[in-house]
Each structure stands twice: as C-alpha cells, then as structure tokens.
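# Notes for the structure review
Below are the chains, spelled out letter by letter.
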Amino acid sequence: MRATDGETEPERTGGEVRVERDIRTVEDVLRLLDGLFAPDADRWTAGAADWWDGFYGDRDRPVPFFVAEPDENLVSYVARGLVPPGRALDLGCGPGRNALHLAGLGFAVDAVDLSPAALAWAGDRARAAGAAVRFHHGDAFALTAPDGPLAGPYDLVYDSGCFHHLPPHRRISYLALLDRVLAPGGHFGLTCFAAGEMGSELPDAAFYRRSRLEGGLAYTPEALRGIFAGLTEVELRRMRDEPPESGRFGERFLWTALFRRPGGTGGGGA
Ligand SMILES: C[S@@+](CC[C@H](N)C(=O)[O-])C[C@H]1O[C@@H](n2cnc3c(N)ncnc32)[C@H](O)[C@@H]1O
C-alpha cells in the first residue's frame, strides 16, 4: 500500500510490523528536519564532510575565503581592544585563517571542522606559521557537548561562514551551543551572507518545501538581532572590502557582528 506522500508503508511479515514512531525529544524533531534535506544533507551534518572535502580538494580555486588572511572585522575587534586575548573557539574553521590569526595574537585556540581536507590544509598553514592551534575534526554541535573536548568555557566563539549554511531549525542547536560554551562576559563574532548581496532570501518555511538550502541563507541585521537577542550587541556592520595587499580578508557581501554574553567582569567595550 502506498501512502499519499509517496512514502512506502512498512511491510507486514508474519503479522509483525514495525511502525516508526521515534519522535520523543526536541533533538529527535531536529534530526527529522535534517533528514528532509537528504540526500544533500546539506552543509552542516557529519554526512556533509565529503561535500566539503570536495570543495577544498583544489586549493588553487578562486574561492574568496581560500586566501590565507583573517577577517578584517576580527583583526579590528582585537586591535581596538573589543576582544581581549583568552580562550577562543573557531567554529567551522575551514583552512584555519582566523584561528591562526588569533593564535598569533596569544589566544589559546580550539578550531573545529567537519572536513578532513580543510583540517589538513589548516595543519599545513599552522606548521608553516609555527602557530599552535588545536584543530578538532568533527561536528561542532557534538564536540561541544558538556563531556566533549570543546566544552569550553570560551572567551571568544568565532564563526566565519558556517552559521549561514545551517537550516532554520538548527539555529536552536546553535544558540544552545553558544549557551553551553560561551563564558559569561565572553564574545561571539560572526560573519554571514548579507541579504541583497549573497544567499537565499526565501522565507524559512520555503527551504523545507524545497528540501534545499539554496547555497546558504541570507540574513538582515534585524534577523540577526532577533536570533541573538539573548546577547548584547557590540557592533553589527557590513564587512569592509579589502585591497589585495592589505593582508586582511574583506568582502562586502557579508555582515559582521560582534555580540557579548551578559555577565562576567566586563572588558571589551560593551
Ligand atoms: C564557508 S566555510 C568557512 C571556512 C572558514 N571559517 C573560513 O572562513 O575560512 C564553512 C565551514 O564550516 C564547516 N562546517 C559546517 N558545518 C559544520 C559542523 N556542524 N561542525 C563543524 N564544521 C562545520 C564546513 O566544513 C566548512 O569548512
């Protein structure tokens, strides 16, 4: 018998039937929603590592963030004293350009990525620079579990380009991650696609109807302020274009945001 949505009803063998009724927790619902994006599994689950490995396979491709330069906003946060050195976590670090910059400034850096190819490249860069970054392979959500190697607390959590690849429901997991690992008074820095410039502006529900994330989600400042309303805004602006010789990465199609978690003993401008 065929169900109307095209799914197959379970087979009955010898009178026994296994009817799938596995949703019991919020995490079960989130996993079910992840599954709606199969076979893409889009860009954020452990199953996406192969996709990212392919993406990083050719290091000479003209991908903007393949340059070995840190985000201009990150450079600026530290240079202006908004973010003092401490323990940092680079979420979805890719080939490690921001992690290496932070390590060079005296931060104790953990950096995590799903892609072994990205981490191999990051390791090459770290060796060439003599930088001490602890790179971790795996899913940032899993590794930041309370008993995981990235449980924190961190004074800085930085994400350049990972958040906008998450489906809407995984914002719940992302906020929970920040809640787990960001120290009171710690900072959260983000760069993500700017609506009108890059990424899909479809409403959240449309991604589920299409089973695709359309290459990443565009955000407005209002959306970012709403999502991260539990944090205090320090600065939210477009990334500045950087000339090739500046030594910094800068692309106008990205928002840059710095938030601070309430509490702690202050420091860093907000
Ligand atoms: C657009 S790339 C940005 C890389 C790097 N931050 C940069 O700017 O150079 C996004 C990265 O996030 C990683 N990623 C996506 N979901 C992840 C997850 N759940 N855990 C760890 N890394 C993840 C991908 O493997 C990819 O390398």
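Residues numbered from 1 in each chain as written. Predicted model: local features only at pLDDT ≥ 70, side-chain atom pairs only at ≥ 80, totals over all residues. Heavy atoms only, no water.

Before going further, it helps to examine the overall build of the protein. Broken down by element type, the protein carries 9 helices and 7 strands. Taking 270 residues into account, the globule formula puts the C-alpha radius of gyration at 18 Å, and the protein, at 20 Å, falls close to it. Within the protein, the proportion of its 270 residues that are buried is 48%. Here the analysis covers contacts within the protein between residues at least 6 apart in sequence; of these, 71% occur between residues at least 24 apart. Total accessible area computed for the protein in this model is approximately 13,100 Å², and 53% of it derives from carbon and sulfur atoms. When the 29 positive and 39 negative side-chain charges of the protein are each reduced to one mean point, those points stand 3 Å apart. (Helix = DSSP H or I, 4+ residues; strand = E, 2+ residues; numbered from the N terminus. Rg over C-alpha atoms; globule rule 2.2 N^0.38 Å. Buried < 20%, exposed > 50% of the residue type's maximum accessible area, 1.4 Å probe, protein only. Contact = heavy atoms within 4.5 Å. Areas by Shrake-Rupley, 256 points an atom, 1.4 Å probe, with all protein chains shown as cover. Lys, Arg positive; Asp, Glu negative; His and termini not counted. Charge placed at Lys NZ, Arg CZ, Asp CG, Glu CD.)

Strand pairing in a sheet takes place through backbone hydrogen bonds and is either antiparallel or parallel in direction. The mixed open sheet is built from 7 strands, whose spatial order is β3-β2-β1-β4-β5-β7-β6. The sheet is open, and its two borders are formed by β3 (133-137) and β6 (232-238), each paired with just one other strand. Taking each pair of neighbouring strands and ignoring which way they run, the sheet shows an average axis angle of 15°. Inspection of the sheet shows strand β1 (residues 87-91) paired to strand β2 (residues 108-113) by 5 bridges, in the parallel sense. Counted as the bridge partner of Ala88 is Val109 from β2. (Pairing = 2+ DSSP bridges. Axes fitted to C-alpha atoms, helices over the stretch in contact; angles between N-to-C directions.)

In this structure, the largest pocket encloses a volume near 710 Å³. Of all the elements in the fold, those that place two or more residues in the lining of the largest pocket are α2 (49-56), β1, α4 (97-104), β2, α6 (140-143), α7 (170-181) and β5 (182-193). The element contributing the most residues to the lining of the largest pocket is α2, with 4 residues. Its residues assigned to classes, the lining of the largest pocket comprises 24 nonpolar, 10 polar and 5 charged. Volume-wise, the second largest pocket comes out at about 290 Å³. Forming the boundary of the second largest pocket are 16 residues, of which Glu27, Phe141, Ala142, Arg170 and Ser173 lie nearest the centre. Looking at the lining of the second largest pocket, the elements with two or more residues in it are α1 (26-35), α6 and α7. Looking at the lining of the second largest pocket element by element, the count peaks at 5 residues for α7. Its residues assigned to classes, the lining of the second largest pocket shows 8 nonpolar, 2 polar and 6 charged. (1 Å grid on protein atoms, 1.4 Å probe; cavity = no way out; pocket = protein on both sides within 12 Å on 5 of 7 lines; lining within 4 Å. Points joined across faces, edges and corners; volume = space filled by probe spheres on them. Nonpolar A, V, L, I, M, F, W, Y, C, P; charged D, E, K, R; others polar.)

A few words now on the nonpolar core. Formed by 34 residues in total, the largest nonpolar core has its most connected members in Val157, Phe163, Tyr174, Phe188, Leu190, Leu224 and Phe228. At the level of elements, β1, α6, β4 (154-160), α7, β5, α9 (221-227) and β7 (254-260) are the ones that each hand at least two residues to this core. Excluding residues within four positions of it along the chain, Phe228 makes contact with Phe163, Tyr174, Leu175, Leu178, Phe188, Leu190 and Phe259. If you look at the next biggest cluster of nonpolar residues, it comprises 20 residues, including Leu82, Leu119, Val133 and Leu258. (Core = buried A, V, L, I, M, F, W, Y, C linked by side-chain atoms within 4.5 Å.)

Let us now look at the confidence of the model for the protein. On average, residues of the protein score 92 in pLDDT, and 94% of them reach the 70 mark or higher. Of the regions scoring below 50 in pLDDT, residues 1-6 engages in 4 contacts with residues more than four places distant in sequence or in other chains. (pLDDT = per-residue confidence, 0-100.)

The next thing to look at is unusual backbone geometry. Across the junction of Gly152 and Pro153, the peptide omega takes the value 5°, indicating a cis bond. Among the structural elements, Pro153 can be located in the loop between α6 and β4. Even without a glycine there, the phi angle at Ser211 is positive, about 60°. Take Ser211: it is sitting in the loop between α8 (204-210) and α9. In this model, Glu214 sits at a positive phi of 55°, which is unusual for a non-glycine residue. Checked against the element boundaries, Glu214 lands in the loop between α8 and α9.

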